[in-house]
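An overview of the molecular structure
The lines below spell out each chain.
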Amino acid sequence: MELTERFINYTKFDTQSSEDSDSVPSTAKQMEFAKYLKQELEDEGLCDVEMDEMGYIYATLKGNTKKKTPAIGFISHYDTSPDASGKDIKARIIRNYDGKDVELSPGIVSYTSKFPELKEHIGEDIIVTDGTTLLGADDKAGIAEIVQAMCILRDNDEIKHGDIRIAFNPDEEIGMGAHHFDVDKFGCDWAYTMDGGDLGNLEYENFNAAGAKVCIKGVSVHTGYAKGKMVNANRLACEFNSMIPETDIPESTEGYQGFYHLLNIDSRTESAKLSYIIRDHEREKFEDRKDFMEDCVKKMNEKYGEGTVSIEIHDQYYNMKEKIDPNMHVIDIVLRAMQESGVPPKVEPIRGGTDGAQLSFRGLPCPNIFAGGVNFHGPHEFVSIQVMEKAVEVITKICEITGTYND
């Protein structure tokens, strides 16, 4: 099977994950694709193919060299975002894209004025949706690229390499993808997630991340008799959120700038709950941001009485740069592979996180490489076939270069 066919075939499976589920994977439909993918890996002749009860898939392409080489891995996730439907995806190829606005369906248009990234792919073959679903290049493009690269290495014995491990997991889009990943079973010295964006993206810095839950206790009294008695939790929720600087929200920040993001408010007179995420690339600033939230709670309680407002903050993941910096050979190999593949590298910080961030802190250095998808999590998502092909080439080059690592 060739790369494009493989990818489009994957998009036919609805694998949307759910934040409202306690099961693993979070949706049963993910398991349907996992079973299919496991069978495909077996059919392609990979070794040690296994899938655990939570849908984590592991497999091996055996080395073809007698040299002692590091064991490396490639990882992608197969769930798609809860932000947009992944059901009945209708992928369409636009050959030799001309740089103009793309009509996905009547009345649904990807305008280049709104999505200027399209113009970076003039002359290429791009895969789009019909505008009613996401595409799923995040991260089924990564899966297709990894499988395709393993087939190329399998069929070209002159490309010498050591053992290559691959793994595919559920629930990355809801932050749970690495939680049940078996690092010891994977057995790699280092790995790469194929989960980045456009051509050349290489990421080994990401946000430090925390979640915060703010609870406000109000007092509900009939409005006619409320003076001196009512504590309106709705109003206190607004007051609390107004303490967050407008300069420190996602809408006002970029690059390395951190932020507080209000996810949702569940509020009525007698009680309110506010959910936030806290992000910063620098660990010291990250800790300062958490302290700021605690201080806001303290000020509210000084004003309205102790116990009126409470907060729970839990760390979610950390900046993988802390773990990559002592292992920069992992990055040097990718940069060389990109150079030999004719891919200009774009080393950028992630304004988010990946499974690789959590895995790096569990002893598996794991930077993130481009998979080609653009405009993730929505109906204007697209991917270039030529970029996907370059990702396959980079994977095979990484394997080849690592095969000479101890020379």
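To be clear, the structure that these remarks concern was listed above.
Residues numbered from 1 in each chain as written. Predicted model: local features only at pLDDT ≥ 70, side-chain atom pairs only at ≥ 80, totals over all residues. Heavy atoms only, no water.

What to know about the overall build of the protein chain
Where we set the bar: To qualify as a helix, a DSSP run of H or I must reach at least 4 residues; to qualify as a strand, a run of E must reach at least 2; elements of each kind are numbered from the N terminus. Only C-alpha atoms enter the radius of gyration, while the globule expectation follows 2.2 Å times N to the 0.38, with N the number of residues. Burial classes follow relative accessibility: with a 1.4 Å probe on protein chains only, a residue under 20% of its type's maximum area counts as buried, one over 50% as exposed, and anything between as partly exposed. We call two residues contacting when some pair of their heavy atoms lies within 4.5 Å. For the accessible areas, the method is Shrake-Rupley and the probe is 1.4 Å, while residue cover comes only from the protein chains on display. Charged residues are defined here as Lys and Arg on the positive side and Asp and Glu on the negative side; His and the ends of the chain fall outside this count. Each charge is placed at NZ for Lys, CZ for Arg, CG for Asp and CD for Glu.
Scanning the protein chain from N- to C-terminus turns up 10 helices and 18 strands. For 407 residues, the compact-globule estimate of 2.2 N^0.38 gives 22 Å, and the C-alpha radius of gyration of the protein chain, at 24 Å, lies within 12% of that figure. Its C-alpha atoms give the protein chain principal-axis dimensions of roughly 85 × 50 × 40 Å. In the protein chain, which comprises 407 residues, the share counted as buried stands at 53%. Considering only residue pairs separated by 6 or more positions, the protein chain has 79% of its internal contacts joining residues 24 or more positions apart. Accessible surface computed for the protein chain: about 18,100 Å², of which carbon and sulfur atoms make up 47%. Where the 44 positive side-chain charges of the protein chain centre and where its 73 negative ones centre are 3 Å apart.

Brief notes about the nonpolar core
Defined as follows: We define the nonpolar core as a collection of buried residues of types Ala, Val, Leu, Ile, Met, Phe, Trp, Tyr and Cys that are connected through side-chain atoms lying within 4.5 Å of one another.
Phe7, Phe74, Met150, Phe168 and Ile398 are the most contacted members of the largest nonpolar core, which totals 65 residues. Residue contacts for phenylalanine 7: discarding those within four places in its chain leaves Ile127, Leu135, Gly136, Ala137, Lys140, Ala141, Ala144, Val383 and Met388. Counting 21 residues, the second-largest nonpolar core is a separate cluster that includes Ala212, Ile216, Ala233 and Leu274.

As for the packing of helix H1 (residues 3–11) against helix H3 (residues 137–155)
Heads up, the condition is: Angles shown run from 0 to 180 degrees and are taken between the N-to-C directions of axes, each axis being a line fitted to C-alpha atoms and, for helices, limited to the stretch in contact. Convention used here: angles under 35 degrees read as roughly parallel, angles over 145 as roughly antiparallel, angles from 65 to 115 as roughly perpendicular, and any remaining angle as oblique. Take the far helix as your reference; a near helix turned counterclockwise from it by less than a right angle gives a left-handed crossing, and one turned clockwise gives a right-handed crossing. Three classes are used: nonpolar for Ala, Val, Leu, Ile, Met, Phe, Trp, Tyr, Cys and Pro, charged for Asp, Glu, Lys and Arg, and polar for all others, with Gly counted as polar.
The interhelical angle for the contact between H1 and H3, taken along N-to-C directions, is 140°, at an axis separation of 9 Å. Here H3 runs oblique to H1, going by the angle between their axes. For the pair H1 and H3, the sense of crossing is right-handed. Of the residues in H3, those in contact with Leu3, Arg6, Phe7, Tyr10 and Thr11 of H1 are Ala137, Lys140, Ala141, Ile143, Ala144, Glu145, Val147, Gln148 and Cys151. Taken together, the residues of the contact of H1 with H3 sort by class into nine nonpolar, two polar and three charged.

Structural notes on the sheet that holds strand S15 (residues 346–347)
Selection criterion: The pairing criterion for strands is at least two bridges between them, as found by DSSP.
The strand order S1-S2-S8-S3-S9-S16-S10-S15 describes an open sheet built from eight strands, whose pairing is mixed. Edge strands, defined here as strands with exactly one partner in the open sheet, are strand S1 (47–51) and S15. Its contacts with the sheet put helix H2 (residues 28–43) on S1, strand S2 (57–61) and strand S8 (164–169), and the angle it makes with S1 is roughly 170°. On the sheet, H3 packs against S2, strand S3 (72–77), S8, strand S9 (190–196) and strand S16 (368–370) and is oriented at approximately 145° with respect to S3.

Here's the deal with the sheet that holds strand S14 (residues 309–317)
Taken together, four strands build an open sheet; the order of strands is S12-S13-S11-S14 and the sheet is antiparallel. The outermost strands of the open sheet, each flanked by one partner alone, are strand S12 (259–267) and S14. The mean angle between the axes of side-by-side strands here comes to 15°, regardless of whether they run parallel or antiparallel. As judged from the eight bridges shared by strand S11 (residues 208–217) and S14, these two strands associate in the antiparallel manner. Opposite isoleucine 216, over in S14, you have valine 309 as the bridge partner. Helix H5 (residues 233–242) contacts S11, S12 and strand S13 (271–280) of the sheet and is inclined by roughly 15° relative to S13. The sheet contacts of helix H6 (residues 283–304) involve S11, S12, S13 and S14, and relative to S14 the element is tilted by about 165°.

Overview of the side chain of histidine 121
Looking at the secondary structure, you find histidine 121 in the loop between strand S6 (108–110) and strand S7 (126–128). Residue classification places histidine 121 among the buried residues on the basis of a relative accessible area of 3%. Ignoring sequence-local partners within four residues, the contact set of histidine 121 consists of Tyr97, Ile126, Asp198, Val374, Phe382, Ser384 and Val387.

Digging into H5
To keep it simple, the criterion reads: By arc we mean the arc of the directions from the helix axis to the C-beta atoms, nothing more. For this analysis, a polar contact is any N or O atom pair within 3.5 Å, provided that within protein one partner can donate a hydrogen and the other can accept it, and provided that sequence-adjacent residues contribute only side-chain to side-chain pairs.
Within H5, burial applies to Ala233, Leu236, Ala237, Glu239 and Phe240. Down the axis of H5, the smallest arc covering the buried residues is 165°, so these residues share one side. Exposed residues on H5 whose side chains face more than 90 degrees from its buried face are Cys238 and Ser242. Its buried side turned inward, H5 meets S11, S12, S13 and H6. N-capping of H5 is provided by asparagine 232, with a side-chain oxygen placed 3.0 Å from the backbone N of asparagine 234.

Looking at the pattern of salt bridges
Inclusion rule: Salt bridges are identified by distance alone: a Lys or Arg side-chain nitrogen within 4 Å of an Asp or Glu carboxyl oxygen.
For the coordinates displayed, the defined rule picks out 26 salt bridges. In this structure, glutamate 393 and lysine 390 form a salt bridge, with 3.4 Å as the shortest nitrogen-oxygen distance. You can see glutamate 393 and its partner lysine 390 sitting in helix H10 (residues 385–402), three residues apart, about one turn around the helix. Salt bridges sharing partners connect three or more residues here, namely Arg6, Glu40, Glu44, Arg154 and Asp155.

Points about a negative patch on the surface
Heads up, the condition is: For patch building, the residue pool is restricted to those with more than 30% relative accessible area and no salt bridge; the joining distance is 9 Å between like charges and 5 Å between nonpolar side chains (Val, Leu, Ile, Met, Phe, Trp, Tyr).
A contiguous patch of negative charge on the surface is contributed by Glu284, Asp288, Asp291 and Glu294. Following the sequence through the fold, glutamate 284 ends up in helix H6. With a relative accessible area of 62%, glutamate 284 lands in the exposed category.

As for the packing of H2 against H3
To describe two helices that pack against each other, one gives the angle between their axes and the distance between the axes. Orientation of H2 relative to H3, taken along the N-to-C sense of each, is 15°, at an axis distance of 12 Å. In this view, H2 runs roughly parallel relative to H3, as classed from their interaxial angle. Where H2 crosses over H3, the two elements pack in a sense that is right-handed. The segment H2 lies against H3, with Phe33, Leu37, Glu40 and Leu41 engaging Lys140, Ile143 and Val147. Here the contact of H2 with H3 is built from residues that sort into five nonpolar, no polar and two charged.

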